[in-house]
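# Summary of structural features
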Amino acid sequence: MTIRLGDTAPDFEQDSSIGKLKFHEWAGNSWVVLFSHPADFTPVCTTELGLTAKLKPEFDKRNVKAIALSVDPAESHTAWIKDIEETQKTVVGFPIIADADRKVATLYDMIHPEASATATVRTLFVIDPNKKVRLSITYPMSTGRNFDEVLRVIDALQLTDGYTVATPGNWKDGDDVIIPLTVQDPEVLKQKYPKGFTAERPYLRVTPQPNK
């Protein structure tokens, strides 16, 4: 199954490190970062889950819940969490889906046969409170994810949901933003962008971030 941006994230019920979990019910009205890792007790995955655990305050500020997944059983997750906490000096405060039957991995197309016939690749989805998929990124097994980029995109998505703006390349929270080409009426421009804007070209209009 191919999941595209704007699709409703498929619901599922599956075992996890915190017991049986119904995904949509668990997500509630939060944003969700759902990410898969190839296997428990592996080095890159250990650092990734440690980073995710340390980012809990940043996720909380953005109303984001994290949830991980691999095809290992719940007992393995529980034992591995102890290793993550000890080696990464953190507390794992999010669940890990135990997808032993690969039901969720298949639903979300997380197994890429040319990379591995059995293990999930490093797939990551950002899902909004309406259960819509807003971002999907897939990394190879040998490359750990950049979680600063995940936070950056969530900031951009939440900003552009609230204001009629777009974010330029390498944008970070607080940087100037772009006025979409759909906004042309001079009165609307004054209303929506009271801080004004600069236009190097008619199609390239830059304005200060509206919520700063």
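Residues numbered from 1 in each chain as written. Predicted model: local features only at pLDDT ≥ 70, side-chain atom pairs only at ≥ 80, totals over all residues. Heavy atoms only, no water.

## Quick notes on helix α2 (residues 43-54)
Relative to the 16 Å expected for twelve residues at 1.5 Å per residue, α2 spans 17 Å between its end C-alpha atoms, a close match to the ideal helical length. Where α2 is concerned, the buried positions are C45, T46, E48, L49, G50, T52 and A53. (Helix = DSSP H or I, 4+ residues; strand = E, 2+ residues; numbered from the N terminus. Expected span 1.5 Å × (residues − 1). Buried < 20%, exposed > 50% of the residue type's maximum accessible area, 1.4 Å probe, protein only.)

## Re the pairing of strand β10 (residues 204-207)
Only one face of β10 is buried: it carries R205 and T207, and the other face, with L204 and V206, is open. Sheet analysis places strand β8 (residues 177-178) next to β10, joined by two bridges and oriented antiparallel. From the neighbouring strand, I178 faces β10, where its bridge partner is V206. Where strand β9 (residues 198-201) lies against β10, three bridges are found, and the strand directions are antiparallel. Following the sheet pairing, A199 is matched in β10 by R205. Counted along the chain from β9 to the antiparallel partner β10, the turn is two residues long. (Pairing = 2+ DSSP bridges.)

## Examining the UniProt feature "active site" (unreviewed entry) in the protein
Look at the UniProt record and you will see "active site" (unreviewed entry) annotated at C45. Relative to the assigned elements, C45 resides in helix α2. Aside from chain neighbours lying at most four places away, what touches C45 is H37, P38, A39, W80 and R122. (UniProt positions renumbered as here; feature names shortened; annotations may be inferred. Contact = heavy atoms within 4.5 Å.)

## Focus: helix α4 (residues 74-88)
The terminal C-alpha atoms of α4, which comprises 15 residues, lie 20 Å apart, in line with the 21 Å expected from a rise of 1.5 Å per residue. When we look at burial in α4, the residues that qualify are A74, S76, H77, W80, I81, I84 and Q88. After α4 finishes, the residue K89 shows a positive phi value of roughly 55 degrees.

## Quick word on the pattern of salt bridges
Side chains that carry opposite charge are capable of pairing whenever their charged atoms lie near each other. What the rule picks out here adds up to ten salt bridges. Residues joined in a network through salt bridges with shared partners are E58, K61, R62 and D155. (Salt bridge = Lys/Arg side-chain N within 4 Å of Asp/Glu carboxyl O.)

## Some details on the domain arrangement of the protein
Structurally, the protein comprises domain 1 (7-159) and domain 2 (163-207). Relative to domain 2, the C-alpha centre of domain 1 lies at a distance of 34 Å. Residue-level contacts link four residues of domain 1 with nine residues of domain 2. In total, domain 1 and domain 2 occlude about 510 Å² of area from one another, counting both sides; carbon and sulfur atoms represent 66% of this. For the pair domain 1 and domain 2, the number of links is zero salt bridges. Here domain 1 is connected to domain 2 by two residue pairs in polar contact (both at pLDDT 80 or more). In terms of residue class, the side of domain 1 that touches domain 2 is built from two nonpolar, no polar and two charged. (Domains from an automatic or database assignment. Buried area = accessible area lost by both parts, 1.4 Å probe. Polar contact = N/O pair within 3.5 Å; in protein donor to acceptor, adjacent residues only side chain to side chain. Nonpolar A, V, L, I, M, F, W, Y, C, P; charged D, E, K, R; others polar.)

## Brief notes about a nonpolar patch on the surface
A cluster of nonpolar side chains, namely L181, Y203 and L204, defines an oily patch on the protein surface of about 310 Å² accessible area. Positionally, Y203 belongs in the loop between β9 and β10. Owing to a relative accessible area of 54%, Y203 belongs among the exposed residues under this scheme. (Patch = residues over 30% accessible without salt bridge, like charges linked within 9 Å, V, L, I, M, F, W, Y side chains within 5 Å. Areas by Shrake-Rupley, 256 points an atom, 1.4 Å probe, with all protein chains shown as cover.)

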